[in-house]
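Geometric and topological summary
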Amino acid sequence: MRVALFVPCYVDQFYPKAAIATLELLEKLGCEVHYPKNQTCCGQPMANSGYEHLTGGCNNLFVDNFSGYDYIVCPSGSCTLHIKEHLHADGKEEKATEIRKKVYELTEFLVDILKVKQLTASFPYRVGLHQSCHGLRGLRIAQMSELVAEPFSKPAQLLDMVNGLELVPLSRQDDCCGFGGTFCVVEEAVSAKMGKDRVADHVSHGAQYITSADLSCLMHLEGILRRQNSDVKVIHVAEILNHSMQ
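Just so you know, these numbers come straight off a predicted model, no measurement behind them. (Residues numbered from 1 in each chain as written. Predicted model: local features only at pLDDT ≥ 70, side-chain atom pairs only at ≥ 80, totals over all residues. Heavy atoms only, no water.)

Quick look at the packing of helix 11 (residues 188–204) against helix 12 (residues 215–227)
The N-to-C vectors of helix 11 and helix 12 enclose an angle of 80 degrees; their axes lie 9 Å apart at closest approach. On the basis of the axis angle, helix 11 is roughly perpendicular to helix 12. Only His 220, Leu 221, Ile 224 and Leu 225 of helix 12 make contact with helix 11, whose side of the interface consists of Ser 191, Ala 192, Gly 195, Lys 196, Arg 198, Val 199 and Val 203. For the contact of helix 11 with helix 12, a count of residues per class yields six nonpolar, three polar and two charged. (Axes fitted to C-alpha atoms, helices over the stretch in contact; angles between N-to-C directions. Helix = DSSP H or I, 4+ residues; strand = E, 2+ residues; numbered from the N terminus. Parallel < 35°, antiparallel > 145°, perpendicular 65-115°, else oblique. Contact = heavy atoms within 4.5 Å. Nonpolar A, V, L, I, M, F, W, Y, C, P; charged D, E, K, R; others polar.)

Let's talk about the pairing of strand 3 (residues 71–74)
Each regular strand carries side chains that alternate between the two faces of the sheet. With three bridges connecting them, strand 1 (residues 2–5) and strand 3 associate as parallel partners. In the strand pairing of strand 3, Leu 5 is matched with Val 73. Note that strand 3 and strand 4 (residues 103–105) share three bridges and pair parallel. Paired with Cys 74 across the strands is Glu 105, a residue of strand 4. (Pairing = 2+ DSSP bridges.)

Remarks on the domain arrangement of the chain
Domain annotation of the chain identifies domain 1 (2–113) and domain 2 (126–241). Using only C-alpha atoms to locate each centre, domain 1 and domain 2 end up separated by 22 Å. Taken together, the contacts link 27 residues of domain 1 with 20 residues of domain 2. Both faces combined, the contact of domain 1 with domain 2 buries some 2000 Å², and carbon together with sulfur accounts for 70% of it. Considering only the side of domain 1, the residues that lose the most area to domain 2 are Tyr 15, Thr 107 and Val 111, jointly responsible for 28% of the buried surface there. Linking domain 1 with domain 2 are one salt bridge, by the criterion used here. Put simply, Lys 154 and Asp 112 hold a salt bridge, and the shortest N to O gap is 2.7 Å. Broken down by secondary-structure element, the contributors of at least two residues to the side of domain 1 that touches domain 2 are helix 1 (9–14), helix 2 (16–28), helix 3 (44–48), helix 5 (77–86) and helix 7 (106–113). The dominant element in the side of domain 1 that touches domain 2, judged by the number of residues it contributes, is helix 7, at six residues. Among the residues making up the side of domain 1 that touches domain 2, the classes are represented as 13 nonpolar, nine polar and five charged. (Domains from an automatic or database assignment. Buried area = accessible area lost by both parts, 1.4 Å probe. Salt bridge = Lys/Arg side-chain N within 4 Å of Asp/Glu carboxyl O.)

With respect to the sheet that holds strand 2 (residues 32–34)
Backbone-to-backbone hydrogen bonds pair the strands of a sheet. The strands run either parallel or antiparallel. Ordered in space as 2-1-3-4, the four strands form an open sheet in which the pairing is parallel. In this open sheet, the two edge strands, each paired with only one partner strand, are strand 2 and strand 4. Direction aside, neighbouring strands of the sheet carry axes that sit 35 degrees apart on average.

Considering the packing of aromatic side chains
The final tally for this structure, using the stated rule, is nine aromatic pairs. Ring pairs connect the aromatic residues Phe 6, Phe 62 and Phe 66, which therefore count as one cluster. Note that Lys 84 overlies the ring of Tyr 104, its terminal NZ or CZ placed 4.9 Å from the centroid. (Phe/Tyr/Trp six-rings, centres within 6.5 Å; stacked < 30°, edge-to-face > 60°. Lys NZ or Arg CZ within 6 Å of the ring centre and 35° of its normal.)

Observations concerning the pairing of strand 7 (residues 209–212)
In strand 7, alternate side chains face the same way, and those of Tyr 209 and Thr 211 on one face and Ile 210 and Ser 212 on the other are all buried. Traced from strand 7 through helix 12 to strand 8 (residues 233–236), the parallel crossover comes out right-handed. (Buried < 20%, exposed > 50% of the residue type's maximum accessible area, 1.4 Å probe, protein only. Right-handed = clockwise from strand over helix to strand, strands pointing away.)

Structure follows, in C-alpha cells:
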C-alpha cells in the first residue's frame, strides 16, 4: 500500500513532531509512506477568505504531487476536507477527482481503511478530546451530539486502545473552539471567548492534555493556555497513538 503523506503548511512550520509521528505510525502499521517534497499549502486559507478563484496554482501543484498513490493521509481534518470538497484542476480534472476520493484524515484512515483493532502505545495521562468542526460536521469522524443517533468517535476509538490513557468527560463535547481559520482574525474577541470556554471545560474536568485530529484548533487553545500560565498541554492525536509504540 503506497501512502502519500500530506503535511499542511502550518503543521510543517509549527508542529513538525505531529507530522513525524504520523509518518512513524503509518510505517509501523505496515504502510509504504512517501512524502512528496514539493508540496506546499493546499489553498484552504485563500478559499476560506473568498479567494478560491486564486487557488489554481495550489490545486495544480497538489495534483502533480499526489497523483498515483493508493491513498493520501493528512494529520489535519480541515485541510483534508478542503481537498475532498474543493480540489479541481484545469486540464487535470480526472486526476483531481481521483485524489478527492483517496484523501483521508489520519484517524479515519486508521479506522476505516487499515481497520486498526489494537495499538501498543502508552500514554498514562488524563486527556480531553477536542472534536473539531471540520472533522465532526465535515468528515463525520464522530457523531454530532445534537443528533438523535448512535454516538461514535473514531479518534476516541483509537485513544481507547492506548495503555494508561484516561479520556475525561466534557460538559460540551463538540462545541467549536473559535479558531475557524480567518475567523479568529476578523472576529478575534468572539474567537478568544469561545476558546476560553473550551479550555475551561477541559481544565475543570482535570485534563492534563488536550488532543485533537486538528492542530489548528490545538494551536488556538494552546495560545490561550499559555496566556493563562496553565500546566495543561496540547498534543496531536498522532503523537499519542505513536507514543512508546514498539
